[in-house]
Amino acid sequence: MPIIKNIQYKPPFYLFNQHLETIVPSALRKVKGVKYERERIETQDGDFLDIDWVRNNNSRLIIASHGLEGSSERPYIQGVAKLFGQNNWDVLAWNCRSCSGEMNRKEFLYHHGFTQDVEEVVNKALKEGYNEIVMIGFSMGGSLTLKYVGENGQDLYPEIKAAMAVSVPCNLSSSSKMLALKKNKFYQNRFMRKLDIKLRHKNEQYPGLLEIKPWQTFKDFHEFDSHYSAKIFGYKDAQDFYDSVQCFPHLKNIKIPTLILNALNDPMLTGDCYPESEANANQNIVLELTSHGGHVGFLQKNKKFTYAEERALSFFTETLKVYQ
């Protein structure tokens, strides 16, 4: 499918570099009027997931997945919930293990490829009787979404009609190297600092599970993931972990209409995070590359909703018309 080098989207004038485009929406944007109905579901392995609903008795549903150390309360998730809720959709915004305000039960948290929990959420949606389901994910949530629809391929539930990923690190090794750059270490350190707190709690739950080190001792995510993530999930090292859990190898197997929206000035993406060859080879993938947008930014001048949120509504609305 086509690779679209988008020239329509332009950020507000005061967001004049990639870092402002990334930080301002995350730190200052407020989305008002979203009222979730929370439900806890038990997972097959004895843990739990907290999911948040916006119910309007519609037959179509959007499942929204947040980014690393995010939650359903992040403005980009609430923006989707509000916009789609106003346009005759039900919304299911789910929280990864440990991200809903309460530590999970099991000894592990989650990662970019932990699609067993996506399956739990999808099964819950199917039990509720929705016959038209679309999926959207932001950053890590985009990775989860793409991996899920790709690894299921032809066996994907027929109720799932389309998918979209925003600011998605399709290649985790490339993304980790980008975060290690001096100009981007603010983001890397923020993630490691937040994960460090959770890992310390996890070690209290399971004494001796981890060898805890101050997060400042790790020079980059590669070292951090080699010490923690790889060991917890049974991989040799960070590279083995990245290669095994990232969505990139699964893009070729996507069988439903899928939009990937990545900004070319995203401070967390580079290289194969912009999967042009995979999009060219798979008629089901549309890769939209904007000059601006930062990471999960895409703010628009004098508009309540971001370009990514409005693009999602138009993409899914047009896609569903094909099935009618």
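Not measured: the values here are computed from a predicted model. (Residues numbered from 1 in each chain as written. Predicted model: local features only at pLDDT ≥ 70, side-chain atom pairs only at ≥ 80, totals over all residues. Heavy atoms only, no water.)

### Some thoughts on the overall build of the chain
Turning to step 1, where the next piece is worked out: For the chain, the helix and strand inventory stands at 11 helices and nine strands.
Turning to step 2, where the next piece is worked out: Taking 324 residues into account, the globule formula puts the C-alpha radius of gyration at 20 Å, and the chain, at 19 Å, falls close to it.
Turning to step 3, where the next piece is worked out: Dimensions of the chain along its principal axes, counting C-alpha atoms only, are 55 × 45 × 40 Å.
Turning to step 4, where the next piece is worked out: Looking at the chain as a whole, 60% of its 324 residues are labelled buried.
Turning to step 5, where the next piece is worked out: Counting every atom, the chain has about 13800 Å² of accessible surface; 49% of that belongs to carbon and sulfur. (Helix = DSSP H or I, 4+ residues; strand = E, 2+ residues; numbered from the N terminus. Rg over C-alpha atoms; globule rule 2.2 N^0.38 Å. Buried < 20%, exposed > 50% of the residue type's maximum accessible area, 1.4 Å probe, protein only. Areas by Shrake-Rupley, 256 points an atom, 1.4 Å probe, with all protein chains shown as cover.)

### Remarks on the nonpolar core
Turning to step 1, where the next piece is worked out: Counting residues in hydrophobic clusters, the biggest one holds 65 residues, and the most contacted among them are I63, L92, W94, L146 and F221.
Turning to step 2, where the next piece is worked out: Contact partners of L146, with chain neighbours within four places excluded, come to A165, V168, C170, C247, L251, I254, T258 and I260.
Turning to step 3, where the next piece is worked out: In this structure, A93, A263, Y307 and L313 belong to the second largest nonpolar core, which totals 36 residues. (Core = buried A, V, L, I, M, F, W, Y, C linked by side-chain atoms within 4.5 Å. Contact = heavy atoms within 4.5 Å.)

### What about the packing of aromatic side chains?
Turning to step 1, where the next piece is worked out: Under the criterion given, the structure shown has 21 aromatic pairs.
Turning to step 2, where the next piece is worked out: Seen in terms of ring centroids, F191 and F221 are 6.4 Å apart; in terms of plane orientation they differ by 45 degrees. Their pairing is tilted. With F191 in helix 6 (residues 185–205) and F221 in helix 7 (residues 221–227), the pair connects residues that are 30 residues apart, well separated along the chain.
Turning to step 3, where the next piece is worked out: Accessibility expressed as a relative area gives 6% for F221, which makes it buried.
Turning to step 4, where the next piece is worked out: When the centroid spacing of 5.1 Å and the interplanar angle of 65 degrees are considered together, the rings of F224 and Y228 count as edge-to-face. Here F224 matches Y228 in class, with each residue buried.
Turning to step 5, where the next piece is worked out: Grouped by ring-pair contacts, the aromatic residues F108, F114, F233, Y235, F241 and Y242 constitute a single cluster.
Turning to step 6, where the next piece is worked out: Note that R40 overlies the ring of F48, its terminal NZ or CZ placed 3.8 Å from the centroid.
Turning to step 7, where the next piece is worked out: Positioned over the ring face of W53 is R55, at 3.9 Å from the centre of the ring. (Phe/Tyr/Trp six-rings, centres within 6.5 Å; stacked < 30°, edge-to-face > 60°. Lys NZ or Arg CZ within 6 Å of the ring centre and 35° of its normal.)

### Overview of the packing of helix 3 (residues 115–127) against helix 4 (residues 140–152)
Turning to step 1, where the next piece is worked out: One can describe the packing of helix 3 onto helix 4 by two numbers: an axis separation of 9 Å at closest approach and a directional angle of 80 degrees. As the angle between them shows, helix 3 and helix 4 are arranged roughly perpendicular. Contacts between helix 3 and helix 4 involve T115, V118, E119 and V122 from the former and L144, K147, Y148 and E151 from the latter.
Turning to step 2, where the next piece is worked out: Looking at the contact of helix 3 with helix 4 residue by residue, the classes come out as four nonpolar, one polar and three charged. (Axes fitted to C-alpha atoms, helices over the stretch in contact; angles between N-to-C directions. Parallel < 35°, antiparallel > 145°, perpendicular 65-115°, else oblique. Nonpolar A, V, L, I, M, F, W, Y, C, P; charged D, E, K, R; others polar.)

### What about the environment of H227?
Turning to step 1, where the next piece is worked out: By the secondary structure assignment, H227 is in helix 7.
Turning to step 2, where the next piece is worked out: Residue classification places H227 among the buried positions, given a relative accessible area of 9%.
Turning to step 3, where the next piece is worked out: Setting aside chain neighbours within four positions, we find H227 in contact with E211, K213 and F218.
Turning to step 4, where the next piece is worked out: Among the polar contacts listed, one links the side chain of H227 to the backbone oxygen of E211, at a separation of 2.5 Å. (Polar contact = N/O pair within 3.5 Å; in protein donor to acceptor, adjacent residues only side chain to side chain.)

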